[in-house]
Amino acid sequence: MNKETTTANATAILELYRQTFGQAPLLVQAPGRINLIGEHTDYNAGWVLPAAIDKSLWLALGRHSDPGEALFIAADVAESTRFRIAEDAPAQEHDWPGYIRAVVAVLREKGWAVKGFNGVFGGDIPLGAGLSSSAALCCGLIFGISELFQLHIPRPQIALLAQAAEHRVGLNCGLMDQYAVLFGRKDQVICLDCQSLQFQYYPLDIAGHSLVLVNSRIKHALAAGSGYNARRQSCERVVAALRQQDASVHSLRDVSPAALESFRPLLDPTDYCRAAYVLKENDRVRRTVEALEKRELELVGELLYQSHAGLQTEYDVSAPELDLLVDLARREKSVLGARMVGGGFGGCTINLIRSADKAAALGRMTSAYRQHTGITPEIIEVAICDGVRRPADDSTTAEL
Ligand code: GLA
């Protein structure tokens, strides 16, 4: 999603819902996510290390008096959409109503009994910044619909449904974002094996350090014809070529660096380069988890820099502004590591910074970035939070 917005908080969303629909809604908080490392590995059955953050979308939901009608308001852009539940959602509709309609369409296709509903949403996840505002919207809405109509959809299924909605909109994404948004846990990163979909939490013990996002303010819109789907196709071509030689290869997860090297002459050089990046990035996830366990934060930082270099030169999904932000970070002794986060082509860098020197370092990075680009970057400090939920203080009871 890619739009100029204001940001609304829970109270404003609840209030707008009450004023518009004259009922008490059910409230859902759906966080955005960061990814410490493991980029573009999820759709290659690899490993990722994301976490949910304290930037959220808030969704207020209630039943519509007409069981066949949906009416949804996006508070931050002051827009609304109205549609029939049974209507077939047009594919490849990239704006926010497209996501709402895609969610309803996939729920219905899978046989879930969705009836008419009203909704209001908004929040403070910057859009087009690589922090998964669309996964927050899709997962939050499916979770909310499940609560509203007492469908009891298990979270792993919510993840698959939300992924199907993104595919329908046009992004052939993996499952990292949905798992982070749904299974996030305070102060923990999630090491997700995207082959088995098993995951393990690791405490993010970075005392004395902070995770800071620097938003380049170059907006990406992955679903709207970025190179994202093309990267996935490159990896799939490599798998198909290797599979002709070895039928046990189903994804890049089944390919060793030695095997990839030996089949290199058979592969398109660009495809080879993309696949080589994926194998190295998977290894970096493993090494990052080990380094976190030993609290070797310098090494974690170095792995972040290596990941960025791979995304910039081998996977080619960075942007000049993101490369500049990482170069500026490298000049700062107090920044242990930095890299672009999410699908790429714009958005944020994630920076691991010594807290004591943070303000001065970020100040210098901000002025240098502004000087080079004319853009003032947005500094976003993040805390790691729980995943999609009805907030504990949700005293509201939807009029079901
Ligand atoms: C986007 C996709 C994810 C993942 C990342 C890159 O966020 O939605 O599935 O592929 O890009 O790691």
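Residues numbered from 1 in each chain as written. Predicted model: local features only at pLDDT ≥ 70, side-chain atom pairs only at ≥ 80, totals over all residues. Heavy atoms only, no water.

**Q** Would you explain the site of the ligand in this entry?
**A** Around the ligand, the surrounding shell holds 14 residues, and the nearest of these are Glu-39, His-40, Asp-42, Asp-177 and Tyr-228. With respect to the ligand, the side chain of Arg-33 contributes an N or O atom lying 3.0 Å from an oxygen atom. Contact between the ligand and Gly-343: an oxygen atom at 3.3 Å from a main-chain N or O atom of the residue. Out of a free accessible area of 310 Å², the ligand has 97% covered by protein chains. Grouping the constituent residues of the shell around the ligand by class yields 6 nonpolar, 4 polar and 4 charged. The residue makeup of the shell around the ligand includes at least three contributed by each of domain 1 (3–202) and domain 2 (209–381). (Near = heavy atom within 4 Å. Polar contact = N/O pair within 3.5 Å; in protein donor to acceptor, adjacent residues only side chain to side chain. Areas by Shrake-Rupley, 256 points an atom, 1.4 Å probe, with all protein chains shown as cover. Nonpolar A, V, L, I, M, F, W, Y, C, P; charged D, E, K, R; others polar. Domains from an automatic or database assignment.)

**Q** Is there a simple way to explain the nonpolar core in this structure?
**A** Within soluble globular proteins, side chains that are nonpolar tend to cluster in buried spots. Formed by 112 residues in total, the largest nonpolar core has its most connected members in Phe-117 and Leu-211. When we break this core down by domain, the ones giving at least three residues each are domain 1 (3–202) and domain 2 (209–381). Counting 15 residues, the second largest nonpolar core, distinct from the first, contains Val-212, Val-214, Val-326 and Ala-338. (Core = buried A, V, L, I, M, F, W, Y, C linked by side-chain atoms within 4.5 Å. Buried < 20%, exposed > 50% of the residue type's maximum accessible area, 1.4 Å probe, protein only.)

**Q** What is the right way to look at the domain arrangement of the chain in this model?
**A** Interfaces are often sized by the accessible area lost when the parts come together. What the domain assignment reports for the chain is domain 1 (3–202) and domain 2 (209–381). Taking the mean C-alpha position of each, domain 1 and domain 2 sit 25 Å from one another. Contacts between the two partners involve 41 residues from domain 1, matched on the other side by 45 residues from domain 2. Counting each side, the surface lost to burial between domain 1 and domain 2 is near 3,400 Å², with a carbon and sulfur contribution of 62%. Between domain 1 and domain 2 we count 2 salt bridges in total. Two residues, Glu-39 and Arg-339, come together in a salt bridge whose shortest N-O distance is 2.7 Å. (Contact = heavy atoms within 4.5 Å. Buried area = accessible area lost by both parts, 1.4 Å probe. Salt bridge = Lys/Arg side-chain N within 4 Å of Asp/Glu carboxyl O.)

**Q** Help me out: how do you make sense of the sheet that holds strand 8 (residues 198–203) in this one?
**A** Spatially, 2-7-8 is the arrangement adopted by the 3 strands of the open sheet, whose pairing is antiparallel. Each of the sheet's edge strands pairs with one partner strand only, and the pair in question is strand 2 (47–48) and strand 8. Pairing of strand 7 (residues 188–193) with strand 8, which is carried by 6 bridges, proceeds in the antiparallel orientation. The residue bridging Asp-193 from the neighbouring strand is Gln-198, located in strand 8. Each of strand 2, strand 7 and strand 8 is contacted by helix 5 (residues 176–183), which is oriented at about 140° to strand 7, the strand it contacts most. (Pairing = 2+ DSSP bridges. Helix = DSSP H or I, 4+ residues; strand = E, 2+ residues; numbered from the N terminus. Axes fitted to C-alpha atoms, helices over the stretch in contact; angles between N-to-C directions.)

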